[in-house]
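Structural overview
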Amino acid sequence: MTAAVNGSARLLIIGPQGSGKGTQGVHIATSFDVPAIATGDVFRANISAGTELGRRVRSVVDAGELVSDELTGDLVRDRLSQPDAVRGFLLDGYPRNVAQAAQLDAFLSADGHQLDAVIALNVPRAESVRRLSQRAVEQGRADDTEALISRRLEIYDRETKPMLDQYRERGIVVETDGIGTLTDVTTRILDGLAERGIVAD
Ligand code: AMP
């Protein structure tokens, strides 16, 4: 299976914590046969494995704060240079602020590439809080306590929303209603991408 847009698909999925973007991201990446790259998962895996990177980011991640743009950018640039990301990728959780979005543009344009589309997964605040609280019970993540959930949503509003607005100004955002069954939402995303000529074949 190959992805369209000159044989590639360079995608981002953006949504508040609890919007279901992780799950949708994996589905969409599978459809396009590109890797789903979730920076939060990479950080958590390194923390669990006790790597040097894990030791450096642990306290920041556990506090629900953002890891430095420099460290995060280095990690993503390295990941995007791996062979499986040559034809594209779906990024989840990066970029997360205006500075990281500029970093990503620089990484991509250095290879003559650019983003094809940004999937915005829109879920009302009350629903994301409800889903996060449920995940806290199911997965026991250190940053899913009530105080840290509201802290992370606050950071999303302050840092990530302005970045999303910049992508909207560029006209590359696929607005998607994130309420519904898993399959309904996946279908909506794929339809929105197809409307822009981005199809997996
Ligand atoms: P997530 O799974 O996307 O909610 O990410 C979990 C945590 O990993 C965040 O609260 C941050 O501490 C860290 N993290 C993930 N992605 C980034 C990023 N792009 N920039 C900075 N920190 C990040």
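Calculation rules
Along each chain, residues carry numbers from 1 onward, in the same order as the chain's sequence is written. This being a predicted model, a pLDDT of at least 70 is required before a residue's local features are given, and a value of 80 or more before pairs of side-chain atoms are given or counted; all residues contribute to the totals for chains, interfaces and linings. Hydrogens are left out, water is left out, and the side-chain values use all remaining heavy atoms of the structure. UniProt positions are given in the numbering used here, feature names are shortened, and annotations may be inferred rather than shown by experiment. Proximity is defined per residue: any heavy atom of the residue falling within 4 Å of a molecule or strand makes that residue near it. We define a polar contact as two N or O atoms separated by no more than 3.5 Å, with the added condition that, inside protein, one atom must be a possible hydrogen donor and the other a possible acceptor, whereas residues neighbouring each other in sequence contribute only through side-chain atom pairs. Exposure was quantified through the Shrake-Rupley algorithm and a 1.4 Å probe, taking into account, for residues, occlusion by the shown protein chains and nothing else. The secondary structure listing takes helices from DSSP runs of H or I that are at least 4 residues long and strands from runs of E that are at least 2 residues long, numbered from the N terminus. Residue burial is assigned from relative accessible area. The probe radius is 1.4 Å, only protein chains are included, and a residue is buried under 20% of its type maximum, exposed over 50%, and partly exposed in between. Pairing between strands requires that DSSP locate at least two bridges from one strand to the other.

Per an unreviewed UniProt entry, the protein chain is named Adenylate kinase, and its organism is Candidatus Lumbricidiphila eiseniae. The heading Function (unreviewed entry) in the UniProt record of the protein chain holds the text "Catalyzes the reversible transfer of the terminal phosphate group between ATP and AMP. Plays an important role in cellular energy homeostasis and in adenine nucleotide metabolism." Turning to the protein chain, the UniProt annotation filed under Catalytic activity (unreviewed entry) states: "AMP + ATP = 2 ADP".

1. Focus: the site of the ligand
In the region of the ligand, 16 residues are neighbours, and Thr39, Glu65, Gly93, Arg96 and Gln100 sit closest. Backbone polar atom of Glu65 to an oxygen atom of the ligand: 2.5 Å apart, as the coordinates give it. Interatomic distance of 3.0 Å between a backbone N/O atom of Val67 and a nitrogen atom of the ligand. When the ligand is considered free in solution it has 480 Å² of accessible area, and contact with the protein chains removes 96% of it. Ranked by residue count, the leading element in the shell around the ligand is helix H2 (residues 39-49), at four residues.

2. So, the pairing of strand S3 (residues 88-92)
For S3, the tally of buried residues reaches five of five residues, placing the bulk of the element in the interior. Neither face of S3 is open: one carries Gly88, Leu90 and Asp92, the other Phe89 and Leu91, and all of them are buried. With five bridges connecting them, strand S1 (residues 9-14) and S3 associate as parallel partners. Counterpart to Arg10 in the pairing with S3 is Phe89. Judged from the three bridges that link them, strand S2 (residues 36-38) and S3 form a sheet pairing that is parallel. Residue pairing for S3: Ala36 is matched across the bridge by Leu90.

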